[in-house]
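Here is how the chains run, residue by residue.
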Amino acid sequence: MLFQKRIKDKFNYYSGLFQSDKSYFLIALFFAIFPIIFSSFIIIFFQNWLNTLDHNILGLLIVALLASITMAFGLTPTTFVAILCGYYFGFFGLIGLLIAYPIAAYIGLKFGQWLNTIISGSTFFHHPHLNLLANKIGPEQFKLIFFMRLSPALPFAASNFALSKVPITIWIYLTASFAGMLPRTIVFFIAGLHGDELMNAFKNPENITQQQVLMALLFIVSIAGLIYTMRRITKN
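A few points on the structure. Values in this document were obtained by computation on a predicted structure and should not be read as measured data. Residue positions are counted from 1 within each chain, in the order its sequence is given. The predicted nature of this model means local features are confined to residues of pLDDT at least 70 and side-chain atom pairs, given and counted, to a pLDDT of 80 or more, with totals for whole chains, interfaces and linings taken over all residues. Side-chain measures were taken over the full set of non-hydrogen atoms in the model, leaving aside hydrogen atoms and water.

Another point: the pattern of salt bridges. We count a salt bridge whenever a side-chain nitrogen from Lys or Arg sits within 4 Å of a carboxyl oxygen from Asp or Glu. Throughout the structure, instances matching the rule amount to 2 salt bridges. The partner of Glu140 in a salt bridge is Lys143, and the shortest N-O contact between them spans 2.7 Å. Classification of residues uses two cut-offs on accessible area relative to the type maximum, computed with a 1.4 Å probe and protein chains only: under 20% is buried, over 50% is exposed, and between them is partly exposed. Given a relative accessible area of 4%, Glu140 falls into the buried group. The partner of Arg232 in a salt bridge is Glu140, and the shortest N-O contact between them spans 3.1 Å.

In structure tokens form, the structure reads like this:
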């Protein structure tokens, strides 16, 4: 009976969290799913344009600019862009990624804050417990953002929006985002670099055993890091 009461209390607590900030959680879920769908649309309808694009510095800058915008607004996942740059531009494409990611991270955060203001009227959580937790992140913000970006399981746009209600220092946000994104970006960039066909590269980005091992390691390290960081935050 006591166990059932605890389960019910937990359910009511988390249900209350969701109900108080329903729009926040639903939009974060949307940004986790939509980039995958839209990127499939791009590769089907814009592959010919990509094939005719000059694969030089100008072409790379065009792709980097477009990618920074599509990633920021949750239209394309970062893995998609990494594979695309590796496939079309070779090692040179890594420069475009290093340019696009910080821009996309900054715009994505500001877009999330604007979206929160428009939808919920505030950049703060409505539930007091969520707001308290967000305000306790400060000393651990670099580690939290780093491990969020490191994880292959957390979509870029969704994490941008998730962080948009958290009080963070912008230079820490950009530095931690860049450092966390780099390992998994390189893994998918290499997948595109060695893809025989673009479609196969997107369907099987981890078709090399070493890449599978690296992605598994990134996942394990990121989850362990997030658990460790969240425990430190909740104890503060």
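This paragraph deals with a nonpolar patch on the surface. Together, Ile57, Leu58, Leu61, Ile62, Leu66, Phe92, Ile95, Ile99 and Ile103 give the surface a local cluster of nonpolar side chains, amounting to about 750 Å² of exposed area. Broken down by secondary-structure element, the contributors of at least two residues to the nonpolar patch are α4 (57-72) and α6 (93-120). In terms of residue count, the dominant contributor to the nonpolar patch is α4 (5 residues). Relative accessible area serves as the criterion here: at 34%, Ile62 is assigned to the partly exposed category. Without a salt bridge and with relative accessible area above 30%, a residue can belong to a patch; like charges are then joined within 9 Å and nonpolar side chains (Val, Leu, Ile, Met, Phe, Trp, Tyr) within 5 Å. Exposure was quantified through the Shrake-Rupley algorithm and a 1.4 Å probe, taking into account, for residues, occlusion by the shown protein chains and nothing else. Runs of H or I in DSSP of at least four residues are treated as helices and runs of E of at least two as strands, each being numbered from the N terminus.

Okay, the environment of Met148 next. Tracing the chain through its elements places Met148 in helix α8 (residues 141-150). On the basis of relative accessible area, Met148 is assigned to the buried category, the value being 12%. Between the alpha carbons of Met148 and Ser177 there is a distance of 8.3 Å; along the sequence they are 29 residues apart. Contacts are assigned to residue pairs that have any heavy atoms within 4.5 Å of one another. Here Met148 is in contact with Leu154, Ser159, Ala162, Leu163 and Leu226, once residues within four sequence places are set aside.

Simply put, an axis is a line fit to the C-alpha atoms, just over the touching stretch for a helix, and the angle between two N-to-C directions goes from 0 to 180 degrees. The N-to-C vectors of α4 and α6 enclose an angle of 30°; their axes lie 7 Å apart at closest approach. The pairing of α4 with α6 is recorded here as roughly parallel in orientation. As α4 runs across α6, the sense of the crossing is right-handed. Contacts between α4 and α6 involve Leu60, Leu61, Ala64, Ser68, Met71 and Ala72 from the first element and Gly93, Ile95, Gly96, Ile99, Ala100, Tyr101, Ile103, Ala104, Ile107, Gly108 and Phe111 from the second. Residues are grouped as follows: Ala, Val, Leu, Ile, Met, Phe, Trp, Tyr, Cys and Pro are nonpolar; Asp, Glu, Lys and Arg are charged; all remaining types, including Gly, are polar. When grouped by side-chain class, the residues that make up the contact of α4 with α6 number 13 nonpolar, 4 polar and no charged. The cut-offs work like this: below 35 degrees is roughly parallel, past 145 is roughly antiparallel, 65 to 115 is roughly perpendicular, and the gaps in between are oblique. In this scheme, a crossing is called left-handed if the near helix is turned counterclockwise away from the far one by less than a right angle; it is called right-handed if the turn is clockwise.

Everything listed is a geometric property; what it means functionally is a separate question.
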